[in-house]
Number of protein chains: 2
Amino acid sequence: VTADTSLPVPQGSLFGPTNLPYGVFSAGRKPQVGVRIGDSVLAIAQLPGLSQIHQLAEATLNPFLALGPQAWRSVRETLTGLLRDPSQQAQVASHLVPLADVRMHLPLDVADYVDFYSSEYHAANVGRLFRPDAAPLLPNWKHLPVGYHGRAGTVVPSGMDVVRPCGQRKAPDEQSPTYGPSRRLDIEAEVGFVVGVGSELGSRVPVSGFADHVFGVVLVNDWSARDIQSWEYVPLGPFLGKSFATSISAWVTPLAALEHARVAPPPRTQPLLEYLADDPGQPWGLDLELGVSWNGTTVSRPPFASMYWTPAQQVAHMTVNGASLRTGDLFASGTVSGPDRGQYGSFLELSWGGAEPVRLADGSLRTFLEDGDTVTVSASAPGPDGVRIGLGEVTGRIVPARP
Amino acid sequence: VTADTSLPVPQGSLFGPTNLPYGVFSAGRKPQVGVRIGDSVLAIAQLPGLSQIHQLAEATLNPFLALGPQAWRSVRETLTGLLRDPSQQAQVASHLVPLADVRMHLPLDVADYVDFYSSEYHAANVGRLFRPDAAPLLPNWKHLPVGYHGRAGTVVPSGMDVVRPCGQRKAPDEQSPTYGPSRRLDIEAEVGFVVGVGSELGSRVPVSGFADHVFGVVLVNDWSARDIQSWEYVPLGPFLGKSFATSISAWVTPLAALEHARVAPPPRTQPLLEYLADDPGQPWGLDLELGVSWNGTTVSRPPFASMYWTPAQQVAHMTVNGASLRTGDLFASGTVSGPDRGQYGSFLELSWGGAEPVRLADGSLRTFLEDGDTVTVSASAPGPDGVRIGLGEVTGRIVPARP
């Protein structure tokens, strides 16, 4: 497959015709579903063969997601066919809008948001930083994918500014907490998974049912106020340290585009209970290479293939107690950190708890986020025929706390 | 005010004309908003003076909640006027349907669900049970209302059966976790608060803004699998131990009905940061007397007035980091426990960790829930003129785990 020259796909673009991530855009009129091609958005709701699918004219992906895997496959096949058909090029081109001319929206109404903690390197780094005299991993970590619910109502689209949160902070050497803006504002570079098809309350989704329910992938920045979090989180977990904002990419990459990225997860060093067993013939590790840019300097390249728990295991675990899934549920991997310093997915780890500042390209030093800082998480994955495909970036800028 | 005799309000009913809780019911046709009077539902969408409010004909309370305090007051005044007007009695009576003839639905689409931990007696009991050699309260507990996000998608209406959850359980003396049905299935008797009017991302709601945003109160049973919870919850908090089901009452009691129940919270034994300061002139402690019935035996009467943190402080805390509220947000108080054994709101406490079984009226002994058990949480509060008003009960029955 080569990109047809009549399509505006720049040489080396990560958004060629084998990628086709979905988003919601507007250009003057009402928001609708679009697919990214190069640096343009294709308004697919008006294309031949798709115009009868009214779910593509909606302002969120949810109605399309709810249609299920057969509809997802059919729409992707129709799109691929149109893009390959020379006689359709003029028709397709007439529905392309440059990205610069559109506004991208939050692609989905988030139902429940769950955040996991599935990188062994991240969990061990956090353990070493906060419990230096104990084993880095807690006893449950290799037995189940640890996770918790986050705030669905504060999931925001890439590009939206993030107000520095205020709250209670107490350093270990302080007697009492004080109120004020967070002094240890951090990122967490993560990969999120979007549920299309729900499940029944009281039933469970097996590892093998992953692709029957999950539609695709977003990039996530789970902004984290470490000083608020460390004071509040015992015993019920993170709350205000996370709930002020979680940014996600405008583009949802369908699992169908990631077939060539599927890899086995790392070897298991503890036996797994049967409901979490890997299926070696249908692995759901994903070879995504993330990049974290801090004011334009790439400070880390976290390898998603190093994650201990796969998203298929996360779904199996999340529903093993009979909890139902809904269209629009979003669950994220937890911070993606690899074994090396240049692969850590949080500034807590990159600056080793603030003790070892990071130098940016302009010479400035950083431990945690300063007002005005911009962070962008991007990713790419192997596609067919040796061509890499891109995941839509997630970016956000910190603006000062409100008085 | 006395109940007009032409209205079917039984002598001593807790649901007279000064109560008027809202719910969503159906009787053959499409669900719509109703108000409880005695043992009947008043279909209010067709009443004179209300029929133009199309939000009352919807299948959830959310559209009505979003209208805000002025509309809530106006609808309540219209209802009160109609119920007091002898010339309207026939008209009103024609829109009454016996509760036995209707199906009650989940009253709202839950946006985000937050669960607090605001009973000092409960938190201290849990501390004594799980950390017998340490101070019962953790250091942060008197400085902030500890809370976490729960699963909004598994909030279910009163009366729905609850399937016993399966999951990973590991007793302290076991080497590894095992998979199976929960052996320590518990309840948490709580009071929940329903947000009507949202708030802007990046802004905060002060303690004094409580009634501008919160519409009313539900009763909550936050079912809890203690064995699953105790193995999973470090370090990110409860997840599958809670996410299988949270039951709420079918009826939402408006704050306006609880004016006579407002009381000052207990004296503070630690100074509060300013954003959490109590307003003594506008207290939001609530004198609700809860009752917990286990297969028909009242095993506890938790006093809500003993809660250390008020719902107004919970809202102020929940938004102090700029997190927004949305119509349909539900936040619960945490288990309501008073100082005495007969006032504990969980079976973990009532059976003191399973060591001291509870005897029911039929002579049977219980520690945690058995299959077929039914638990009902009810509550009443002082109303005007010495008449007590009731909150709609929340009930649920445990059915066996699915194979």
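The structure under discussion appears in the preceding block.
About the thresholds
- Residues numbered from 1 in each chain as written.
- Chains lettered and ligands numbered in written order.
- Predicted model: local features only at pLDDT ≥ 70, side-chain atom pairs only at ≥ 80, totals over all residues.
- Heavy atoms only, no water.
- Helix = DSSP H or I, 4+ residues; strand = E, 2+ residues; numbered from the N terminus.
- Rg over C-alpha atoms; globule rule 2.2 N^0.38 Å.
- Contact = heavy atoms within 4.5 Å.
- Least-squares fit on C-alpha atoms with pLDDT ≥ 70 in both.
- Expected span 1.5 Å × (residues − 1).
- Buried < 20%, exposed > 50% of the residue type's maximum accessible area, 1.4 Å probe, protein only.
- Arc of directions from axis to C-beta.
- Pairing = 2+ DSSP bridges.
- 1 Å grid on protein atoms, 1.4 Å probe; cavity = no way out; pocket = protein on both sides within 12 Å on 5 of 7 lines; lining within 4 Å.
- Points joined across faces, edges and corners; volume = space filled by probe spheres on them.
- Nonpolar A, V, L, I, M, F, W, Y, C, P; charged D, E, K, R; others polar.
- Salt bridge = Lys/Arg side-chain N within 4 Å of Asp/Glu carboxyl O.

A. Inspection of the overall build of chain A at higher detail. The helix and strand tally for chain A stands at 8 helices and 26 strands. A compact globule built from 403 residues would reach a C-alpha radius of gyration of about 22 Å, and chain A, at 21 Å, matches this within 12%. Viewed in the frame of its principal axes, chain A has a C-alpha envelope of about 70 × 50 × 35 Å. For chain A, the share of sequence-separated contacts (at least 6 apart) that also reach a separation of at least 24 residues comes to 73%.

B. Structural view of unusual backbone geometry. Residues and elements named next belong to chain A. Here the amide bond leading from Val234 into Pro235 is cis, since omega sits at 10°, within 30 degrees of zero. Even without a glycine there, the phi angle at Leu20 is positive, about 60°. By secondary structure assignment, the location of Leu20 is in the segment before strand E1 (22-26). Here the phi dihedral of Asp385 falls at roughly 60°; this positive angle occurs in a residue that is not glycine.

C. Structural context of the relation of the copies chain A and chain B. Note on the copies: chain A fits chain B at an RMSD of 0.0 Å, the axial shift is 0.0 Å, and the rotation between them is 180°. Within this description, the copies of the chain are treated as partners about a two-fold rotation axis. Among all residues of chain A, the minimum C-alpha distance to the rotation axis is found for Gly237 of chain A, at 2.1 Å.

D. Up close: helix H2 (residues 69-84) of chain A. Residues and elements named next belong to chain A. For H2, built from 16 residues, the straight-helix expectation of 22 Å at 1.5 Å per residue is met to within 8% by its first-to-last C-alpha distance of 22 Å. Every buried residue belonging to H2 is among Trp72, Val75, Arg76, Leu79, Thr80, Leu82 and Leu83, and all of these are buried. Buried residues of H2, viewed axially, fall in a sector of 165°; they line one side. Residues of H2 that are exposed and point more than 90 degrees away from the buried face comprise Gln70, Glu77 and Arg84.

E. Spatial organisation of the pairing of strand E3 (residues 40-43) of chain B. Residues and elements named next belong to chain B. The alternating pattern of E3 places Ser40 and Leu42 on one face and Val41 and Ala43 on the opposite face, and all of these are buried. Linking strand E2 (residues 32-37) back to E3 in an antiparallel pair, the connection comprises 2 residues, with Gly38 at a positive phi of about 60°. With 3 bridges connecting them, E3 and strand E4 (residues 96-98) associate as antiparallel partners. From the neighbouring strand, Ser40 faces E4, where its bridge partner is Pro98.

F. Examining the layout of surface pockets more closely. Residues and elements named next belong to chain B. Approximately 1,000 Å³ is the volume attributed to the largest pocket. Taken together, 38 residues form the lining of the largest pocket, with Phe130, Gln229, Ser230, Trp231 and Tyr233 sitting closest to its centre. Counting only elements with at least two residues in the lining of the largest pocket, the list comes to strand E6 (113-116), helix H4 (120-130) and helix H6 (226-232). Examining the composition of the lining of the largest pocket, we find that 5 residues originate from one element, H6, more than from any other. Grouping the constituent residues of the lining of the largest pocket by class yields 19 nonpolar, 7 polar and 12 charged.

G. Quick peek at the pattern of salt bridges. Residue and element names in this part refer to chain A. Under the criterion given, the structure shown has 34 salt bridges over all chains. Between Asp222 and Lys242 there is a salt bridge, and its shortest N-O distance comes to 3.2 Å. Of this pair, Asp222 sits in the loop between strand E14 (214-221) and strand E15 (224-225) while Lys242 sits in the loop between helix H6 (226-232) and strand E16 (246-248), placing them 20 residues apart in sequence. For Asp222, a relative accessible area of 0% gives the class buried.

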